[in-house]
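Fold and contact review
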Amino acid sequence: MIAGTSIGAMIGAIYASGVPVGRMEQVAGSLNWRRLARLLDPIIPTSGLIDGKKVSRFIEELLPVRSFAELELPLAVTTTDIESGELVVIRQGSLLEAIKASIAFPGIFNPVRIGDRFLMDGGLCAPVPTDIVREMGAETVIGVCAIPDIARKHSEAYMPVSDQPTDKTGFLEHFTPEWVEKTFRDVWTTGNNARKEKNSRQNNRKPPGIFRVFAQSIAIMENQVNSLRLDKDRIDLLIRPDFQDITLLEFHRAGEIIDIGKKATAEALQIPGSLP
């Protein structure tokens, strides 16, 4: 049985529906910044920046089934009630709607209304929902944590006074499909260039883009929640890959991510070398 949060809910649903792992790897390997950018449909910001209809169609094409009842393995999808902060676990009904709610990243995607609730990313409450599969009846639990570990330390800084003029250009004037595509291209290019050489001219550093800010902010919060839950939950085997400089937005590096996951799994199982 499987319990999944956010992208883990999507991957878990695809696996539980009987899609071969090789096919899942093939799809992941075909993603690049241009294809990702075209999946995003920006809207005038209300509850989020992205409408999500194109992402929904992408997920729908991958899923061979439409409901939890059709799955080959029991599945629980975790979400968060954005108004009450309550963890909401979905195990029946529309599979697509449940996944949409679980991957609704705060600030980027709109909440998904299910009944009287507005649901979003389950990682806000349960980044690694191992206790959910315990409640479903699992006797042995394998936890997979893809959230980067953040060192628990603090530092001090001073705030220099700036006399630079403020850019008053309206945000909505820039928020177009072309801007979204450029943003993803910049994330992709910046990531590749950063791995080739590090820029030592600190004064020339630019602030991270809006997508990276959202992603990193949620990752920091989820990391703190996750640390508390991992200490409390009973997990028989924890797999925690070290993704180093890979960020939440770099789906185009799927090949590297899969290899790192295989290495971490082999180490957790104490298997020499890595998995094929």
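Everything numeric here is computed off the predicted structure, so don't read it as measured data.

Conventions and cut-offs
- Residues numbered from 1 in each chain as written.
- Predicted model: local features only at pLDDT ≥ 70, side-chain atom pairs only at ≥ 80, totals over all residues.
- Heavy atoms only, no water.
- Helix = DSSP H or I, 4+ residues; strand = E, 2+ residues; numbered from the N terminus.
- Buried < 20%, exposed > 50% of the residue type's maximum accessible area, 1.4 Å probe, protein only.
- Contact = heavy atoms within 4.5 Å.
- Areas by Shrake-Rupley, 256 points an atom, 1.4 Å probe, with all protein chains shown as cover.
- Patch = residues over 30% accessible without salt bridge, like charges linked within 9 Å, V, L, I, M, F, W, Y side chains within 5 Å.
- Salt bridge = Lys/Arg side-chain N within 4 Å of Asp/Glu carboxyl O.
- Core = buried A, V, L, I, M, F, W, Y, C linked by side-chain atoms within 4.5 Å.
- Pairing = 2+ DSSP bridges.
- Axes fitted to C-alpha atoms, helices over the stretch in contact; angles between N-to-C directions.
- Parallel < 35°, antiparallel > 145°, perpendicular 65-115°, else oblique.
- Left-handed = near helix turned anticlockwise from the far one by under 90°.
- Nonpolar A, V, L, I, M, F, W, Y, C, P; charged D, E, K, R; others polar.

To continue, consider the overall build of the protein. What the protein contains, in helices and strands, is 10 helices and seven strands. The buried share of the protein, reckoned over its 276 residues, is 40%. The long-range share in the protein, meaning contacts at least 24 apart out of those at least 6 apart in sequence, stands at 70%. If you sum the accessible surface of the protein, you get close to 16800 Å²; carbon and sulfur atoms cover 54% of it.

A surface patch of nonpolar side chains, about 250 Å² in accessible area, is lined by I7, I11 and F251. Residue I11 is classed as partly exposed on the basis of its relative accessible area, which comes to 40%.

What follows is about the nonpolar core. Core analysis: the largest hydrophobic core is formed by 35 residues, its most contacted members being I59, F68, L75, L95 and I99. Elements represented by at least two residues in this core include exactly α1 (7-16), α2 (21-29), α4 (53-62), β2 (75-81), β3 (87-90), α5 (95-102) and β5 (117-121). If near-sequence neighbours (up to four positions away) are discounted, I99 is found in contact with A9, M10, A13, I59 and L63. By size, the runner-up hydrophobic cluster in this structure holds seven residues, among which are A3, V133, M136 and V141.

So, about the pairing of β3. Only one face of β3 is buried, namely the one carrying V88 and I90, since none of L87 and V89 on the opposite face is buried. In terms of strand pairing, β2 meets β3 through four bridges, oriented antiparallel. Residue pairing in the sheet places T79 in a bridge with V88 of β3.

We note that S6 has phi near 55 degrees; this positive angle belongs to a residue other than glycine. Along the chain, the position of S6 falls in the loop between β1 (2-5) and α1. Judged by its relative accessible area of 17%, S6 falls in the buried class.

So, about the packing of α4 against α5. Closest axis-to-axis distance for the α4/α5 pair is 10 Å, and the angle between their directions is 130 degrees. In terms of orientation, α4 lies oblique with respect to α5. Both α4 and α5 take part in a crossing whose hand is right-handed. Touching S56, I59 and E60 of α4 are L96, I99 and K100, all from α5. Across the contact of α4 with α5, the residue classes break down as three nonpolar, one polar and two charged.

A word on the pattern of salt bridges. Counted by the stated rule, this structure contains eight salt bridges. As a salt-bridge pair, R117 and E86 come within 3.0 Å of each other at their nearest N and O atoms. Of the two residues, R117 is situated in strand β5 and E86 in the loop between β2 and β3; the sequence distance between them amounts to 31 residues. Under the relative-accessibility criterion, R117 is labelled partly exposed at 30%. Under the relative-accessibility criterion, E86 is labelled partly exposed at 39%.

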